[in-house]
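Structural overview
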Amino acid sequence: MSETKPPTDAAPAIALDGITKTFPGVRALSEVSLALYPGEVTALVGENGAGKSTLVKILTGIYQPDGGDITMDGAKVAFPTADAASAHGVTAIHQETVLFDALTVAENIFIGHAPTNRFGLIDWKAIHDRARDILDGIGARIDPRHRLSELGIANRHMVAVARALSVDARVVIMDEPTAALSQKEIEELYELVEKLKANGKAILFISHKFDEIFRIADRYTVFRDGEMVGEGTIAETDENALVELMVGRPVDQVFPKQAVEIGGPVLTVSGYRHPTEFEDIGFTLRRGEILGFYGLVGAGRSEFMQALFGITKPSAGAVRIDDEIAVIRSPSEAVKQGIVYVPEERGTQGTITAMPIFENVTLPSLAKVSHRGFVRMAEEFALAREYTERLDLRAASLDQPVGNLSGGNQQKVVIAKWLATQPKVIILDEPTKGIDIGSKSAVHAFMSELAGRGLSIIMVSSEIPEILGMSDRVIVMREGRIVDELPRADMSAEKLVRAAAGIGVAA
Ligand SMILES: Nc1ncnc2c1ncn2[C@@H]1O[C@H](COP(=O)(O)OP(=O)(O)OP(=O)(O)O)[C@@H](O)[C@H]1O
Ligand SMILES: [Mg+2]
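None of these values were measured; they are calculated from a predicted model.

This next bit is on the sheet that holds strand S15 (residues 324–326). One key point about sheets: their strands pair by backbone hydrogen bonds, in either a parallel or an antiparallel sense. The strand order across the open sheet formed by four strands is S12-S11-S14-S15, and the pairing between neighbours is antiparallel. Each edge of the sheet is formed by a strand with only one pairing partner; in this case those strands are strand S12 (281–286) and S15. Sheet twist, expressed as the mean angle between neighbouring strand axes with direction ignored, is 20°. Looking at chain direction, strand S11 (residues 265–273) and S12 are connected through five bridges and run antiparallel. Bridge assignment links Thr268 to a residue of S12, and that residue is Thr284. Across the sheet, helix H9 (residues 301–308) touches S11, S12 and strand S14 (316–321), and the angle it forms with S11 is around 110°.

By the definition in use, this model includes 26 salt bridges. For the salt bridge of Lys197 with Asp218, the shortest nitrogen-to-oxygen distance reads 3.1 Å. On the criterion of sequence distance, the pair formed by Lys197 in helix H6 (residues 183–198) and Asp218 in the loop between helix H7 (210–216) and strand S9 (219–224) is long-range, its members being 21 residues apart. Linking Arg473 and Glu289 is a salt bridge whose minimum nitrogen-to-oxygen distance equals 2.8 Å. Of this pair, Arg473 sits in strand S21 (residues 473–478) while Glu289 sits in the loop between S12 and strand S13 (290–294), placing them 184 residues apart in sequence. Here Arg473 and Glu289 have matching classes, each one buried. Each of Glu47, Asp392 and Arg394 takes part in a single network of salt bridges with overlapping partners.

Secondary-structure assignment places Lys440 in helix H15 (residues 437–452). A relative accessible area of 12% places Lys440 in the buried class. A distance of 2.9 Å separates the side chain of Lys440 from the side chain of Glu463, its partner in a polar contact.

Each domain of the chain was delimited in the assignment, giving domain 1 (14–247) and domain 2 (260–338 + 424–430 + 464–502). The straight-line distance from the C-alpha centre of domain 1 to that of domain 2 is 35 Å.

Moving on, we get to the packing of aromatic side chains. Following the criterion strictly, the structure yields nine aromatic pairs and no others. When the ring of Phe23 is compared with that of Tyr63, the centres are 5.3 Å apart and the planes differ by 70°; the resulting orientation is edge-to-face. On the criterion of sequence distance, the pair formed by Phe23 in strand S1 (residues 14–23) and Tyr63 in the loop between helix H1 (52–59) and strand S4 (67–72) is long-range, its members being 40 residues apart. Classification of Tyr63 as partly exposed rests on a relative accessible area of 25%. Both rings, one in Phe283 and one in Phe304, keep their centres 5.9 Å apart while their planes meet at 80°; by these two values the pair is edge-to-face.

The next subject is the environment of Ala162. Considering the arrangement of structural elements, one finds Ala162 in helix H5 (residues 153–166). Of the residues examined, Ala162 reaches a relative accessible area of 0% and is grouped as buried. Sequence spacing of Ala162 and Phe381 is 219 residues, and the spatial spacing of their C-alpha atoms is 43 Å. Apart from the residues within four sequence positions on either side, Ala162 is in contact with Ile109, Ile134, Leu135 and Ile138.

Rules behind the numbers
Residues numbered from 1 in each chain as written. Chains lettered and ligands numbered in written order. Predicted model: local features only at pLDDT ≥ 70, side-chain atom pairs only at ≥ 80, totals over all residues. Heavy atoms only, no water. Pairing = 2+ DSSP bridges. Helix = DSSP H or I, 4+ residues; strand = E, 2+ residues; numbered from the N terminus. Axes fitted to C-alpha atoms, helices over the stretch in contact; angles between N-to-C directions. Contact = heavy atoms within 4.5 Å. Salt bridge = Lys/Arg side-chain N within 4 Å of Asp/Glu carboxyl O. Buried < 20%, exposed > 50% of the residue type's maximum accessible area, 1.4 Å probe, protein only. Polar contact = N/O pair within 3.5 Å; in protein donor to acceptor, adjacent residues only side chain to side chain. Domains from an automatic or database assignment. Phe/Tyr/Trp six-rings, centres within 6.5 Å; stacked < 30°, edge-to-face > 60°.

Here you go:
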C-alpha cells in the first residue's frame, strides 16, 4: 500500500507507489507515489515536462512503468493495455484525446465498447440513446448523429468527456480538460465533476489554472522534474505555496511589461466581414505595439484572425501593410508579407512530430540560415537554441523529436518556430494556453522584448491578467463585432468583462 496519509479514513480507490518511468535520456518519473480517494478530486500540478501526462498514460495502460506498484482494493493490479485499465474502471480524458473526424459523435463515444444486441450485432439504437443520455447528463447540446468533423473545438471536447464517461468508471482522470472550453462550458464541467464526486468516483485533475484547482480540488500532489515534491489538502495550502513547490522558487505570475516606444502604423484593417462569423472589423496596429483581443470564446476573434491570415475568405475587407494596399489570399501570401499566425490549437497543426525540435523551429526560416542553397547546420541550431531557450523550453536536447515533448513544451516549439521567422506582425492566439505558471512569465518577457525590437503583436487571450499585464491597448469583441477599445491606462477587469458580456456600466 501507499504510505501517503489520507486526511479522511476512506481507503484509496487506487494507489501508486514508487512508480518510475524512463525514456531514452529522460527520467520522466522517479519513484512517485499518488493515492486517489473515492468522492474526492486530487489536483496534479507541475511545470511543463514534470511528468503529469506520463503518469496518466501509466494509469491508463498506454505506458508500462519500469518499476513500482499500482494497488486497487488492497491488491496489486497491472494495466498491460488500455483495455485492462478500462476493465478496472480507470478512464481518462487526455490532453490530446484521439477522436475520429469521419465517425459520428455516437461512434466516437462508443468505439471499442459498443453495446451489442442479442444477436451480437452493434445496437445502433442503444448507441444513439445512450450517447444522447450521456451528452444530456453533461449538458452538451450535440446531436449524436452528427459527424465529428462538423463540431467546433469545444464540442469535440465534450465528446471526449462523454467517451470517458461511457465506460463504467471508478477513477476518472482529466488532463487539462478546460483548456479548450468556453466559460459556460467550464462551469458545466465543474458541475459534472461535482456529480462524479457525489457518485463516489475518484478524480485526478490536471490543470495549469490555479483558480480552478482551488475551486474544485480537495487535495493536491505536486511533481517537479519527475519527482513527487509535496502533497496535502487544498484547505491547508494557498496559491503561492503551491507555485513555490512546483517551480522551486517564488514566481510572478505575469511578467511586468516593459515600456516600449510605439511607432507608426504597420497594419491597418478596415471593413472586414464574413457572412456568419464577424462584421465590420477595423483597427490599426502600430510598430512595437501589443494589441490585445479580448472576448468570450465564440466572440469571433479566432475566426477573424484566420481570415486576416488568409486561411478563410472574408466577404469584404481591406488590409494595408506599411501603408501599402496588401492582398492576402492564403497563409503563404500572409507570411511573405510579414504576417504570421500562431493558432490556438497548436497540438495537432503546429509541428511535424517525428522531426527534431531544431528542424521544426527553423523550417519556415530556412532561407535565413542557408547560403547558396545549403543549410548551415550550426546557424540553424543557434537560431533554434535562441528562440527555444527564451521561451523556457524543457527538452533533453534539440535533436529530440517534438512528439516526445510534453504538451506544454510542444506549444513552445510552435511559438518559437513562428517568432524565429522574425515577422513584422505576429498574431498569437492564446499564447500561454497549456503553459505552466513559471514558463508563462518567460513567454511574456520575450514577447515584451521582441515588441521593444519593433515587432507588432496581436494577442488573442481569454485570460484577463494576461490582457491587463501585456497589452498596450485592448479591443473587445462580442458576437463577431468590436464592442470596445481601451488604452492601457484605462483598462480594468470589470470593463473587459462587461464589454465582452454586453452588460452596461452601472450608473
Ligand atoms: N514517448 C516519449 N518519449 C520520450 N520522452 C518522453 C515521452 N513522453 C514523455 N517524455 C518526456 O517525459 C517528460 C515528462 O513529460 P509529460 O508529458 O509527462 O509532462 P507533463 O507534466 O504532462 O507536461 P505538460 O504540462 O507540458 O503537459 C518530458 O521530459 C517529456 O519530454
Ligand atoms: Mg501533459
